[in-house]
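Remarks on the overall topology
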Amino acid sequence: MTTTWQGSPDARPSARIASLAPALQRTERRVVEAIAADRERAVECTAQALAERVGVGRTTVIRAAQSLGYDGYPQLRVALVQELALEGAAVAGTAAGRGTTGAAGAGGAGGAAGRAGSGARGDAIDPTILGALRVRIAQLAARLDDSMAALTPEAVDAFVQALDSADRLLVVANGLSSPIGLDFAMRLNSAGRSVEQFADPMAQQIAARQLGAGSVCAVFSGSGANRATLDVMGAARLSGARVIAITSFARSAVEKLSDVTLVVPPVGGSFHDELIHTSRAALMLLTEHLVDAFVEMRGDRGRDARSAVLTVLADALEE
């Protein structure tokens, strides 16, 4: 199967690389990894120069660019320039915001000197744990748009419609994706959609094997390669059920076993980051809004279910 970008044409190169790199041919993967490691240098390289630097043929560089959804390497270079320019503008805007905050603080009465000093240090690196948290959260926020770049309207519609039409719905998630599966199942139950969800992989597999035609198995796997999850998917397919999935990597083992797949590129930017600095924030955000879309699609049924939930919550709350 040819691996090519199927998401938004406006998606940045980094998001495309993060999603597709693990599924590319080995030589193409070396090319895109070299680009991701030093985008500024890649912009200055011709296809031939990049090929010599990576140790592959010029045609491999061109194929890698085409796999990412570009007509050729010149178009990829232009996209890299645009991405770097957008990031530079965002950094400049953040720095300007800090400077404005510092200036406003300096003009106040009482403790003005202290606040002015704080403003002057606005661009300095904050060595505290809180400072590190702020940096990481800012990086995550900057990449959230890219996390939705691989989605297509057709895939999202098919995913939500499958949730609605299923006779039985089994939600499966293991490892660090488990909390997402549990949250998704609880939200769907609150929206009036009966859901089956099990923490034990063997119980998941037994339930999946008994689903049958007309049922749906909904899978969450950030890595797209969790062995227990893949076994459950295989059992569901053997039963005749449809399999829908949310994962971070295109052309992963999970996608190959799915009838409908929503790909959410990792916010860390690579498979390595997915394993070492695992984040499920983008996946969680998507699932929350998928349930909202599900409720809206159901119309009166969805609104009635939400009203019933609010009644139960009102009875459970105390002063």
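In case you missed it, the structure is sitting above this.
Residues numbered from 1 in each chain as written. Predicted model: local features only at pLDDT ≥ 70, side-chain atom pairs only at ≥ 80, totals over all residues. Heavy atoms only, no water.

**Observations concerning the overall build of the protein chain**
- Secondary structure summary: the protein chain contains 16 helices and 5 strands in total.
- Counting the 319 residues in the protein chain, one finds 40% classified as buried.
- Accessible surface computed for the protein chain: about 16,400 Å², of which carbon and sulfur atoms make up 56%. (Helix = DSSP H or I, 4+ residues; strand = E, 2+ residues; numbered from the N terminus. Buried < 20%, exposed > 50% of the residue type's maximum accessible area, 1.4 Å probe, protein only. Areas by Shrake-Rupley, 256 points an atom, 1.4 Å probe, with all protein chains shown as cover.)

**Regarding the side chain of arginine 39**
- Structurally, arginine 39 can be placed in helix 3 (residues 39-44).
- Exposure remark for arginine 39: the relative accessible area of 16% places this residue in the buried category.
- Once residues lying within four places of it in the same chain are set aside, the contact partners of arginine 39 are Ser14, Leu80, Glu83, Leu84 and Glu87. (Contact = heavy atoms within 4.5 Å.)

**As for the pairing of strand 4 (residues 242-247)**
- Most of strand 4 is tucked away, with 5 of its 6 residues classed as buried.
- In terms of strand pairing, strand 3 (residues 216-221) meets strand 4 through 6 bridges, oriented parallel. If you follow valine 219 over to strand 4, its bridge partner there is alanine 245.
- Where the polypeptide runs from strand 3 across helix 12 (residues 227-239) and back to strand 4, its parallel neighbour, the crossover connection is right-handed.
- Here 4 bridges tie strand 4 to strand 5 (residues 260-263), and the two strands are oriented parallel to one another. Within the sheet, the bridge partner assigned to threonine 247 lies in strand 5 and is valine 263. (Pairing = 2+ DSSP bridges. Right-handed = clockwise from strand over helix to strand, strands pointing away.)

**A few points about the sheet that holds strand 4**
- Read from one edge to the other, the open sheet built from 5 strands follows the order 2-1-3-4-5, with strand pairing classed as parallel. Both edges of this open sheet fall to strand 2 (196-197) and strand 5, since each of them pairs with a single strand only.
- Strand direction decides the pairing type here: strand 1 (residues 169-173) and strand 3, joined by 5 bridges, are parallel. Residue pairing across strands places valine 172 opposite valine 219, the latter belonging to strand 3.

**Focus on the packing of helix 2 (residues 26-37) against helix 4 (residues 47-54)**
- Running from N to C, helix 2 and helix 4 point in directions that differ by 100 degrees, and their axes come no closer than 10 Å. The orientation of helix 2 relative to helix 4 falls into the category roughly perpendicular. In this structure, helix 2 contributes Arg30, Val31, Ala34 and Ile35 to the contact, and helix 4 contributes Leu50, Arg53 and Val54. (Axes fitted to C-alpha atoms, helices over the stretch in contact; angles between N-to-C directions. Parallel < 35°, antiparallel > 145°, perpendicular 65-115°, else oblique.)

**With respect to the nonpolar core**
- With 32 residues, the main nonpolar core has Val31, Ile35, Leu50, Val61, Tyr73 and Leu76 as its most contacted residues.
- Residue assignment for this core shows that the elements contributing at least two residues are helix 1 (13-20), helix 2, helix 3, helix 4, helix 5 (58-67) and helix 6 (73-106).
- Looking at this core, the element that brings in the most residues is helix 6, giving 5 residues. (Core = buried A, V, L, I, M, F, W, Y, C linked by side-chain atoms within 4.5 Å.)

**A short note on a nonpolar patch on the surface**
- Judged by side-chain polarity, Ile129, Leu130, Leu133 and Ile137 come together as a nonpolar surface patch covering roughly 420 Å² of accessible area.
- Here leucine 133 is to be found in helix 8 (residues 129-147).
- The exposure class assigned to leucine 133 is partly exposed, which follows from its relative accessible area of 42%. (Patch = residues over 30% accessible without salt bridge, like charges linked within 9 Å, V, L, I, M, F, W, Y side chains within 5 Å. Salt bridge = Lys/Arg side-chain N within 4 Å of Asp/Glu carboxyl O.)

**A look at the pattern of salt bridges**
- Going through the model one piece at a time under the given rule, you end up with 12 salt bridges.
- Across the pair arginine 187 and glutamate 288 runs a salt bridge, and its minimum N-O distance is 3.5 Å. Taken together, the residues span a long stretch of sequence, with arginine 187 in helix 10 (residues 178-190) and glutamate 288 in helix 15 (residues 281-298) at a distance of 101 residues.
- Judged by relative accessible area, arginine 187 falls into the partly exposed class, the value being 32%.
- A salt bridge links aspartate 259 to arginine 237; the nearest nitrogen and oxygen atoms lie 3.5 Å apart. Taken as a pair, aspartate 259 in the loop between helix 13 (253-256) and strand 5 and arginine 237 in helix 12 lie far apart in primary sequence, 22 residues in all.
- Given a relative accessible area of 39%, aspartate 259 falls into the partly exposed group.

**Quick notes on the packing of aromatic side chains**
- Inspection of every chain in the model, using the stated rule, returns 1 aromatic pair.
- Seen in terms of ring centroids, phenylalanine 184 and phenylalanine 220 are 5.0 Å apart; in terms of plane orientation they differ by 70 degrees. Their pairing is edge-to-face. You can see phenylalanine 184 sitting in helix 10 and its partner phenylalanine 220 sitting in strand 3, a full 36 residues away along the chain.
- Accessibility expressed as a relative area gives 0% for phenylalanine 184, which makes it buried. (Phe/Tyr/Trp six-rings, centres within 6.5 Å; stacked < 30°, edge-to-face > 60°.)

**Details of helix 10**
- For helix 10, with 13 residues, the first-to-last C-alpha span of 19 Å sits near the 18 Å given by 1.5 Å per residue.
- Taken together, the buried positions of helix 10 are occupied by Ile180, Gly181, Phe184, Ala185 and Leu188. Buried residues along helix 10 cover an arc of 130 degrees about the axis, so they all sit on one side.
- On its buried face, helix 10 sits against helix 9 (153-165), strand 1, strand 2, strand 3 and helix 15.
- Two residues or fewer after helix 10 comes glycine 192, characterised by a positive phi angle close to 90 degrees. (Expected span 1.5 Å × (residues − 1). Arc of directions from axis to C-beta.)

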